Amino acid sequence: MPKAKDKTKRRRIEELEEDSPPSQSRRRGVSQLVDDDEIEEVDCTQTGKSQSQKTQNYKELSKEELKRKTSDVARYLLFTDRKKYPVKRGDITKNVLKEHAKSFNEIFDHAKKNLNKVFGIEVEEIDVGKSRGYILVDGVKSEEQHELIDWGDDLPKMGLLMVVLGMIFMCDHVITESKLWHMLKKLGIEPKKEHEVFGDSEKLISQEFVRQCYLDRKKVLGGDEAAYEYRWGARAEKELTWRQALKFVSEIYGTQMEDWTAQMKQITAKEESDTKG
């Protein structure tokens, strides 16, 4: 279960998230995300432009406008993260920045900095199809940090997701769709049958988890037209480690992580590689 500090953080986030786009009347609650001293140090220069053009762009966005838009972007990122869908730059420009689109970089940089400062949240850029998108991940690393993906009160879906990610990891990081469902059927989860907890589990796995970038689903090259395979998605790679996945699998089977020799070798090699950079 999530620690008390995770619940406190979630409450603070929920206080800032509204069910409608940012407006003047609701900006006060997000003012803590903006540091006035940092605003004064904003570098609004942009590569490839003359100094006069840089100065002109800076003047187009006043300190108050920068502060307001920084709060708006921070709240928008928190709001969209509720469903775990990645947000694209075009979404932020269209729904939040609008006439201030040219100042995206400086506003977005401040929003990222303040989300990290206030909530310990990192804004990560990932591949979303053929484009790029942004997701929020917990940047706080401590012994008290919740070890698995934190979906708040949506624990059943998190459990199913962890099972699927664990299966993919144990199958050398890729699993065919037919094999995945063969294994899930043993747990009473079938693709064409409504589940009492997950509902349409096929839609949840093949569409929802994929849209959230937890899973990557692609057609098998040279195979049957209906043949697909799954890998970890970009969000899963950011939020979960191989060691955590193996620990989850070991707890299910009642074994020790060291009993899985091949997987432990992969984990050790990856961790050593990551340490070296």
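What counts and what doesn't
- Residues numbered from 1 in each chain as written.
- Predicted model: local features only at pLDDT ≥ 70, side-chain atom pairs only at ≥ 80, totals over all residues.
- Heavy atoms only, no water.
- Helix = DSSP H or I, 4+ residues; strand = E, 2+ residues; numbered from the N terminus.
- Buried < 20%, exposed > 50% of the residue type's maximum accessible area, 1.4 Å probe, protein only.
- Contact = heavy atoms within 4.5 Å.
- Polar contact = N/O pair within 3.5 Å; in protein donor to acceptor, adjacent residues only side chain to side chain.
- pLDDT = per-residue confidence, 0-100.
- Pairing = 2+ DSSP bridges.
- Axes fitted to C-alpha atoms, helices over the stretch in contact; angles between N-to-C directions.

Per an unreviewed UniProt entry, the protein chain goes by MAGE domain-containing protein and derives from Pocillopora meandrina.

Q: Even after reading the chapter, I still don't get the overall build of the protein chain, so can you show me in this structure?
A: Helix and strand content of the protein chain: twelve helices and five strands. Residues classed as buried in the protein chain amount to 42% of the 277 residues present. Here the contacts in the protein chain between residues at least 6 apart in sequence split such that 59% fall between residues at least 24 apart.

Q: Please explain the side chain of Ser 206 as it appears in this structure.
A: Tracing the backbone shows Ser 206 in helix H9 (residues 201–211). The buried category is assigned to Ser 206, whose relative accessible area is 15%. Here Glu 202 takes part through its backbone oxygen, which lies 2.7 Å from a polar atom of the side chain of Ser 206. Not counting residues within four places of it along the chain, the set of residues in contact with Ser 206 comprises Glu 177, Arg 217 and Tyr 230.

Q: Could you clarify how one ought to interpret the environment of Arg 243 in this entry?
A: Within the secondary structure layout, Arg 243 lies in helix H11 (residues 242–253). With a relative accessible area of 33%, Arg 243 lands in the partly exposed category.

Q: Sorry, what's going on with the confidence of the model for the protein chain here?
A: Where the model shows low pLDDT, its predicted coordinates should not be examined in detail. Across the protein chain, the average pLDDT comes to 79, with 72% of residues at or above 70. Predicted confidence is poor over residues 17–31, with pLDDT under 50, and the contacts of this stretch with residues over four places away or in other chains come to 24 contacts. Residue range residues 36–59 is modelled with pLDDT below 50. Its contacts to residues more than four positions away, or to other chains, number 26 contacts.

Q: I keep staring at the sheet that holds strand S3 (residues 175–176) and nothing clicks. Help me out?
A: Paired through backbone hydrogen bonds, the strands of a sheet run either parallel or antiparallel to each other. Pairing within the open sheet is antiparallel, and its three strands lie in the order S3-S5-S4. If you trace the sheet from one side to the other, it starts and ends with S3 and strand S4 (215–219), each paired once. As judged from the five bridges shared by S4 and strand S5 (residues 228–232), these two strands associate in the antiparallel manner. Looking across to S5, one finds that Arg 217 is bridged to Tyr 230. Along the sheet, helix H7 (residues 155–170) contacts S3, S4 and S5; its crossing angle with S5, the most-contacted strand, is approximately 100 degrees.

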